[in-house]
Amino acid sequence: MRRRIIAGNWKMNMTKAQAKEFMGEFLPLCANAKCETVLCVPFTDIHRVYKLALGSNVKVGAQNVAWADKGAFTGEISAEMLKEVGAEYVIIGHSERRAYFGETDETVNMRLKQALKCGLKPIFCVGETLEQREGGLTEQVLKAQIEKGLDGVAEDVIIAYEPVWAIGTGKTATPEMANETIGFIRSVATKLVGEVSILYGGSMNAANAQNLLDMSEIDGGLIGGASLKPSDFSVIVNCD
Ligand code: PGA
């Protein structure tokens, strides 16, 4: 089902004390938000943020999950471990994981299937680089990422379109450009998994969020930098 989802991606930011301070400011500001509000936080913050969010409309997510149930996978964390500390969602295949940590379409697919098997809600990220966009390869790249990432997946997933050139750069895709590309992603993904919520990510902030969210194909946002500031993130979750 298509629905408004606003997910923060804290990346490798926020100590436990900072997370507590954030929640103290953020929770009152988002009390009337109508969207599905999610904070994807570092592993070490999950339990604290989960506990602080109890009774509110804020849900908690992780930023990665192992593809196996358990075993010799040094540095990885399992779905069961994440669920135990309160995670309900998990970001999978973020471009930073793909670029810096060797994540491939195949490992993304394995992690996605594991998340679904274990009852975590995956936020599956796709996006082209600047070089690929300028080379006219955007649709080809996205189609391959979606088809390989969703191979063998028939369930509900959340997709995040994050053009790599827009992440953390302040260069947002124009609402029209994001809308057109998400429309393409929808046409590919719907054939595989049916109706799907698709978020835009990449320098979304308090000033540009409403214009992006007004677009017909954009169901929500995945927000990095602006999710670290309670006042900015609350503007986004309270958008119409
Ligand atoms: P940004 O990051 O909002 O800081 O551009 C988005 C993301 O990487 O999810």
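All values derive from a computational prediction rather than experimental measurement.

A. Representation of the pattern of salt bridges within the structure. A complete count under the given rule lists 15 salt bridges for this structure. The partner of Glu-103 in a salt bridge is Arg-97, and the shortest N-O contact between them spans 3.7 Å. Several salt bridges share partner residues, and in doing so they unite Arg-2, Arg-186, Glu-217 and Asp-219 into one network.

B. View of the site of the ligand. Around the ligand, a shell composed of 13 residues is seen, among which Lys-11, His-94, Glu-162, Gly-168 and Ser-203 lie nearest. With respect to the ligand, the side chain of His-94 contributes an N or O atom lying 2.6 Å from an oxygen atom. A distance of 2.7 Å separates an oxygen atom of the ligand from a polar atom in the backbone of Ser-203. In isolation the ligand exposes 280 Å². Once the protein is present, 95% of that is buried. Taken together, the residues of the shell around the ligand break down into four nonpolar, seven polar and two charged.

C. Representation of helix H10 (residues 230-237). Along H10, the positions that sit buried rather than exposed are Pro-230, Phe-233, Ser-234, Ile-236 and Val-237. Each buried residue of H10 sits inside an arc of 155 degrees when the element is viewed along its axis, so together they form one side. On its buried side, H10 packs onto strand E1 (5-9), helix H1 (16-29), strand E2 (36-40), helix H9 (209-213) and strand E8 (220-223).

D. Expanded view of unusual backbone geometry. With a phi close to 50 degrees, Lys-11 is a non-glycine residue in the positive phi region. Looking at the secondary structure, you find Lys-11 in the loop between E1 and H1. At Met-14, a residue that is not glycine, the phi angle is positive and equals roughly 90 degrees. Relative to the elements of secondary structure, Met-14 occurs in the loop between E1 and H1. On the basis of relative accessible area, Met-14 is assigned to the buried category, the value being 17%.

Parameters at a glance
Residues numbered from 1 in each chain as written. Predicted model: local features only at pLDDT ≥ 70, side-chain atom pairs only at ≥ 80, totals over all residues. Heavy atoms only, no water. Salt bridge = Lys/Arg side-chain N within 4 Å of Asp/Glu carboxyl O. Near = heavy atom within 4 Å. Polar contact = N/O pair within 3.5 Å; in protein donor to acceptor, adjacent residues only side chain to side chain. Areas by Shrake-Rupley, 256 points an atom, 1.4 Å probe, with all protein chains shown as cover. Nonpolar A, V, L, I, M, F, W, Y, C, P; charged D, E, K, R; others polar. Buried < 20%, exposed > 50% of the residue type's maximum accessible area, 1.4 Å probe, protein only. Helix = DSSP H or I, 4+ residues; strand = E, 2+ residues; numbered from the N terminus. Arc of directions from axis to C-beta. Contact = heavy atoms within 4.5 Å.

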